[in-house]
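So the chains spell out like this:
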Amino acid sequence: MSSATRAAAIIAIIIVVVFFAVWITLFPAPIISFTLFGTHHITIGSENPQIGSQISYPSDYSTLANYTLSLINSERQSFGLSSVSLSQIQSAQQHADSMLYYGYFSHWDTQGYKPYMRYTLLGGSGYVEENIAEETSSAQFISTPQVEDAIRFLENQMLYNDSACCQNGHRDNILNPYHNRVSIGIAYSLGRLYFVEDFETAYTSSFQTPLLENGIITLQGNTSEYLSPTQIGIFYDPLPKAISAYTLNQNYSRPYGQGQFIGGVLPPCIAFCEHFTSGATVYASSWFVGPSSIDISFSLAQFVQERGSGVYTLYLVQQPQGEPAEYLTSVSIFIT
């Protein structure tokens, strides 16, 4: 298809980014370093929240997902970055399917969940950053090659035409050197395509975050490489509430944030202790990081006493010397 024909066929293209560059300014810490990994959810006082609808896949999903993965990895390799693998977490497909079914375009969904909340609820065990894109076209999507053509166009726009739209947030997600997996979501009808990429930084397996009865959280699991986290940032969201598709389209077609920073956790300390410059500082009761495992325990009680019910998202962070912060987890804990 020629570029002129393609331009005529496209009625609208909307690309929305989740851009985390402001994160460090939102998290004033004594050690400003971050990386993330691990996501399981726990709730107090009621049954665990659930993702609302059954996840549907197009019949050619496998072909389309592998095609998308090849585009992503081709670009990453051209920038000297390692390839990402296809994630088994269904968060991207769940969201693409939901947007098509209900007819909205937003990082939020009709249950009021943000991407990191959905990722937690669907069993994610890494830090997640989401790209979403939509194409509405008079050239109906009735064949796999037509959908591949649209995906290639959207991927190219996110990489090479993202500055004015989204401050290169999509591009940063695609080319983040710490990302090692991606969950891909593709849902389409005759004239509309929804495309979701949930990029992950996932260096753990069997990662668990049990919340004990005494309010102690334990981040424990195996790691695929040696990690050296220095802190845990804690962000707060009110408990999600249902949002109509109309309201999502009118008021929620924008980047999402991490919630409100309310403090964090540092390793155990006896004297001359560092602390966060804003919010509460809690010192872990244990902080073990080995060559292939991690085991950190701390109390969430002070934060819950101050804020009450809500969603508490834990960002485990490290910062290699002379390098940007890495985020290892975006663990959302629902407290009712």
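Residues numbered from 1 in each chain as written. Predicted model: local features only at pLDDT ≥ 70, side-chain atom pairs only at ≥ 80, totals over all residues. Heavy atoms only, no water.

Draft legend 1. Local environment of the pairing of strand β13 (residues 286-289). Burial along β13 is one-sided: Trp287 and Val289 are buried, while Ser286 and Phe288, pointing the other way, are not. Relative to strand β14 (residues 293-299), β13 runs antiparallel, the two sharing four bridges. Paired with valine 289 across the two strands is isoleucine 294, which belongs to β14. Taking the residues that link successive antiparallel strands as the turn, the β13-β14 hairpin has three residues. (Buried < 20%, exposed > 50% of the residue type's maximum accessible area, 1.4 Å probe, protein only. Helix = DSSP H or I, 4+ residues; strand = E, 2+ residues; numbered from the N terminus. Pairing = 2+ DSSP bridges.)

Draft legend 2. Quick peek at the nonpolar core. Core analysis: the biggest nonpolar cluster contains 33 residues, and Met99, Tyr113, Tyr116, Met117, Val196, Tyr315 and Phe334 have the highest contact counts within it. Within the residue set of this core, elements represented by two or more residues are α4 (91-102), α5 (115-121), β5 (127-137), β7 (192-201), α9 (245-251), β11 (260-266) and β15 (310-318). The biggest single contributor to this core is α5, with four residues. Membership of the second largest hydrophobic core comes to 27 residues, among which are Val265, Ala280, Leu328 and Ile335. (Core = buried A, V, L, I, M, F, W, Y, C linked by side-chain atoms within 4.5 Å.)

Draft legend 3. Here's a closer look at unusual backbone geometry. At glutamine 167, a residue that is not glycine, the phi angle is positive and equals roughly 55°. When you line up the elements, glutamine 167 lands in the loop between α7 (163-166) and α8 (169-174). Of note, asparagine 168 is a non-glycine position whose phi angle comes to about 65°, a positive value. Counting through the fold element by element, asparagine 168 comes out in the loop between α7 and α8. The exposure class assigned to asparagine 168 is partly exposed, which follows from its relative accessible area of 25%.

Draft legend 4. Fine view of the packing of aromatic side chains. This structure, assessed with the given rule, holds twelve aromatic pairs. Where tyrosine 101 meets tyrosine 102, the ring centres are 4.8 Å apart and the plane angle is 80°; that geometry is what we call edge-to-face. Using a relative accessible area of 65% as the deciding quantity, one classes tyrosine 101 as exposed. A relative accessible area of 38% places tyrosine 102 in the partly exposed class. Through a chain of ring-to-ring contacts, the aromatic side chains of Tyr127, Phe235, Phe261, Phe276, Tyr315 and Tyr327 assemble into a single cluster. One cation-aromatic arrangement involves arginine 254 over tyrosine 252; the distance from NZ or CZ to the ring centre is 4.9 Å. Arginine 307 extends its terminal NZ or CZ atom over the ring of tyrosine 236, reaching a point 5.7 Å from the ring centre. (Phe/Tyr/Trp six-rings, centres within 6.5 Å; stacked < 30°, edge-to-face > 60°. Lys NZ or Arg CZ within 6 Å of the ring centre and 35° of its normal.)

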